[in-house]
Amino acid sequence: MIELAEKQDVYLSHFASRGRKTPAEPAWLDELRTDAIKRYSALGFPDTHAEDWKYTNVAPIARIPFRRPPKTNLSMQELERLPLTGFNCGTRLVFVNGHYSPALSKGGDATKGLRVENLASALQKGSTAVGHHFARHAQLDGHAFPALNTALFEDGALIEIADNVTVAEPIHLVYVSQADGEPHAVHPRNLITVSHGSRAAVIETYVSAGDGVHFTNAITEIYVAEGATLDHYKIQNESSRAFHVGTIQASQGRGSVLHSHNVSFGAALARNDVNSVLEEEGAECILNGLFVVTGTQHVDNHTALDHASPHCNSRELYKGILDGQGAGVFNGKIKVHKDAQKTNALQSNKNVLLSADAVINTKPQLEIFADDVRCTHGATVGHLDEEAQFYMQSRGITRQRARDLLTYAFAGELFDRMEWAPVRVQLERELYRKLSPENSKELA
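Residues numbered from 1 in each chain as written. Predicted model: local features only at pLDDT ≥ 70, side-chain atom pairs only at ≥ 80, totals over all residues. Heavy atoms only, no water.

Draft legend 1. Examining the overall build of the chain more closely. Scanning the chain from terminus to terminus reveals twelve helices and 21 strands. Its C-alpha atoms give the chain principal-axis dimensions of roughly 70 × 55 × 50 Å. Looking at the chain residue by residue over its 444 residues, the buried ones come to 57%. Carbon and sulfur atoms make up 49% of the accessible area of the chain, which totals about 18100 Å². (Helix = DSSP H or I, 4+ residues; strand = E, 2+ residues; numbered from the N terminus. Buried < 20%, exposed > 50% of the residue type's maximum accessible area, 1.4 Å probe, protein only. Areas by Shrake-Rupley, 256 points an atom, 1.4 Å probe, with all protein chains shown as cover.)

Below, the structure is given as structure tokens:
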């Protein structure tokens, strides 16, 4: 713990170098940043004695003196060569090393009642969504990484959707880290508000341009109002030398629907916290997750569904595919409050180990204070069916290809739950490529 505390000085110096608030930032944000850096300083990096970090050691992040991100240029051709960035959405915001890139972005969706812009610009102009929802959902108490993000974020995305608006195409947020020199850290911040009766889809993609060391510490706050629906996709596909800590915190109104799809392919160490509070009656939340771990990668998924009102439904399915010496963590918690009667909640974590050296730690949890509910939870860990592999080999399919096909089929249930076909197709291709290097030649 002493070593981790000493490494805090890097980030405290980052905060000090920002100086006093700029005229572009409102006074309340300056106060919020100051409070956040104090909380971070008091908390320090979590260690493995903390229950929520028992199986995830962040010392590799703490040991590296990450600097503030440099501004760098990325061409459209370079962007298009990066995987999982070319969904051809109507609206796209691109950030390179945390800095907004107007040249790579596009605002093709002219839907009335839709506002999409970089957060730094929105803070200058003012926004109802920012005033009502910014830093109101993601908690800072006891959470060092969200506090660090709040203190140090420079930009991100604001998506503000007015009442009764249907956005025809997904909105794509692309975060590219280009770390060819000294390691750097970025702290993206997103705020998504979907107002009464509206419907939209948002994709967040995190990728690396190059194989340099970098650290992404992201927060996405989501508010889904009464009768609104949001399909949210988070795709993490950074390099094998990257570190990623991300928090998604949602709040849901009466009769709202949130579909969350969280996919992790990359990074040496990744931690995803996905949480939603079903604040009002009749809300529904669907959490789908897929994490694919190879080599010595480590991916940690923590989810929390807070049923605060009656007649709310939640469904959660997370699947892990682990190969090599990879390690995975799943910790899912469903809390049902005393007055949240008629809750219907299902939670499942399924994992397949492709290697004898791969490790998974799974802990599904229920915390129930109501007496008229239907709640189930469970976890499975296993290997591919040897008989199925033998049968496929007897039909002339190589053992490697048989393994790939069975693994692909294991993940297929999650892909089938994704409504937007272009995302589904590209994720399927990326999974197929990741399972075996030979697949890269086939898909070229």
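There is more to say after this.
Draft legend 2. Representation of the pairing of strand β16 (residues 298-307) in the model. Taken across its ten residues, β16 has eight buried, putting it largely inside the fold. As judged from the ten bridges shared by strand β14 (residues 269-278) and β16, these two strands associate in the parallel manner. Paired with N272 across the two strands is N301, which belongs to β16. (Pairing = 2+ DSSP bridges.)

Draft legend 3. The packing of helix α9 (residues 386-394) against helix α10 (residues 399-415), seen in detail. At a minimum axis separation of 9 Å, α9 and α10 run at an interaxial angle of 130°. Taken together, the axis directions place α9 and α10 in an arrangement best described as oblique. The two elements α9 and α10 meet at a crossing, and its hand is right-handed. Judged by residue contacts, E386, A388, Q389, M392 and Q393 of α9 engage R399, A402, R403, L405 and L406 from α10. Of the residues assigned to the contact of α9 with α10, the class counts are five nonpolar, two polar and three charged. (Axes fitted to C-alpha atoms, helices over the stretch in contact; angles between N-to-C directions. Parallel < 35°, antiparallel > 145°, perpendicular 65-115°, else oblique. Left-handed = near helix turned anticlockwise from the far one by under 90°. Contact = heavy atoms within 4.5 Å. Nonpolar A, V, L, I, M, F, W, Y, C, P; charged D, E, K, R; others polar.)

Draft legend 4. Seen up close, the packing of aromatic side chains. Using the criterion set out here, one finds 15 aromatic pairs in the structure. Here the aromatic rings of Y40 and F45 are separated by 5.9 Å at their centres, their planes lie at 90°, and the arrangement is edge-to-face. Look at Y40 and you get buried, because its relative accessible area is 1%. Here F66 and F215 contribute two aromatic rings whose centre-to-centre distance is 5.6 Å and whose plane-to-plane angle is 40°, an arrangement assigned as tilted. With F66 in the loop between α4 (59-63) and α5 (76-81) and F215 in strand β10 (residues 214-224), this residue pair connects regions lying 149 residues apart in the sequence. (Phe/Tyr/Trp six-rings, centres within 6.5 Å; stacked < 30°, edge-to-face > 60°.)

Draft legend 5. Examining the nonpolar core more closely. Ranked by internal contacts, the top residues of the largest apolar core, which has 39 residues, are I159, I161, L173 and L230. Apart from the residues lying within four places of it in its own chain, the contact partners of L173 are L93, A157, I159, N190, V202, I203, E204 and T205. (Core = buried A, V, L, I, M, F, W, Y, C linked by side-chain atoms within 4.5 Å.)

Draft legend 6. Quick look at the layout of surface pockets. There is about 820 Å³ of room inside the largest pocket. Residue lining of the largest pocket: 33 residues in total, with D52, H143, D273, N275 and A304 positioned closest to the centre. Contributing elements (two or more residues each) for the lining of the largest pocket: α8 (144-152), β12 (242-252), β14, β16, β18 (327-336) and β20 (359-368). Split into classes, the residues belonging to the lining of the largest pocket amount to 13 nonpolar, twelve polar and eight charged. Of the volumes computed, that of the second largest pocket is approximately 460 Å³. Lining the second largest pocket are 25 residues; nearest its centre among them are E238, S239, S240, A267 and Q297. Every element with two or more residues in the lining of the second largest pocket is listed here: β9 (199-208) and α11 (421-435). For the lining of the second largest pocket, a count of residues per class yields nine nonpolar, twelve polar and four charged. (1 Å grid on protein atoms, 1.4 Å probe; cavity = no way out; pocket = protein on both sides within 12 Å on 5 of 7 lines; lining within 4 Å. Points joined across faces, edges and corners; volume = space filled by probe spheres on them.)

Draft legend 7. Looking closely at the side chain of Q389. Tracing the backbone shows Q389 in helix α9. A relative accessible area of 5% places Q389 in the buried class. Beyond its immediate chain neighbours, meaning those up to four positions away, Q389 contacts L384, R399, A402, R403 and L406.

Draft legend 8. Examining α11 more closely. With 15 residues, α11 should reach 21 Å at 1.5 Å per residue; the first-to-last C-alpha distance of 21 Å fits that figure. Restricting attention to buried positions, one finds in α11 the residues V423, L427, E428, E430, L431, Y432 and L435. (Expected span 1.5 Å × (residues − 1).)

Draft legend 9. Representation of the pairing of β18 in the model. In terms of residue burial, β18 counts as a mostly covered element, since eight of its ten residues are buried. Direction of pairing for β18 relative to β20: parallel, over a ladder of ten bridges. In the strand pairing of β20, G328 is matched with I360.

Draft legend 10. Structural context of the packing of α10 against α11. Following both chains from N to C, one finds α10 and α11 inclined at 150°, their axes separated by 10 Å at the closest point. Compared by their axis directions, α10 and α11 come out roughly antiparallel. Relative to α11, the crossing made by α10 is right-handed. In this structure, α10 contributes Q400, R401, R403, D404, T407, Y408, A411 and F415 to the contact, and α11 contributes R424, L427, E428, L431, Y432 and L435. Classifying every residue of the contact of α10 with α11 gives seven nonpolar, two polar and five charged.

Draft legend 11. Focus on the environment of E221. Inspection of the secondary structure assignment puts E221 in strand β10. A sequence separation of 29 residues divides E221 from A250, and the C-alpha atoms of the two residues are 5.9 Å apart. Not counting chain neighbours up to four residues away, the residues in contact with E221 comprise H133, F134, A135, R136, H137, A138, R189, N190, L191, I192 and Q249. Reaching out from E221, the side chain makes a polar contact with the backbone nitrogen of R136 at a distance of 3.4 Å. Only 3.1 Å separates the side chain of E221 from the side chain of R189, close enough to count as a polar contact. (Polar contact = N/O pair within 3.5 Å; in protein donor to acceptor, adjacent residues only side chain to side chain.)

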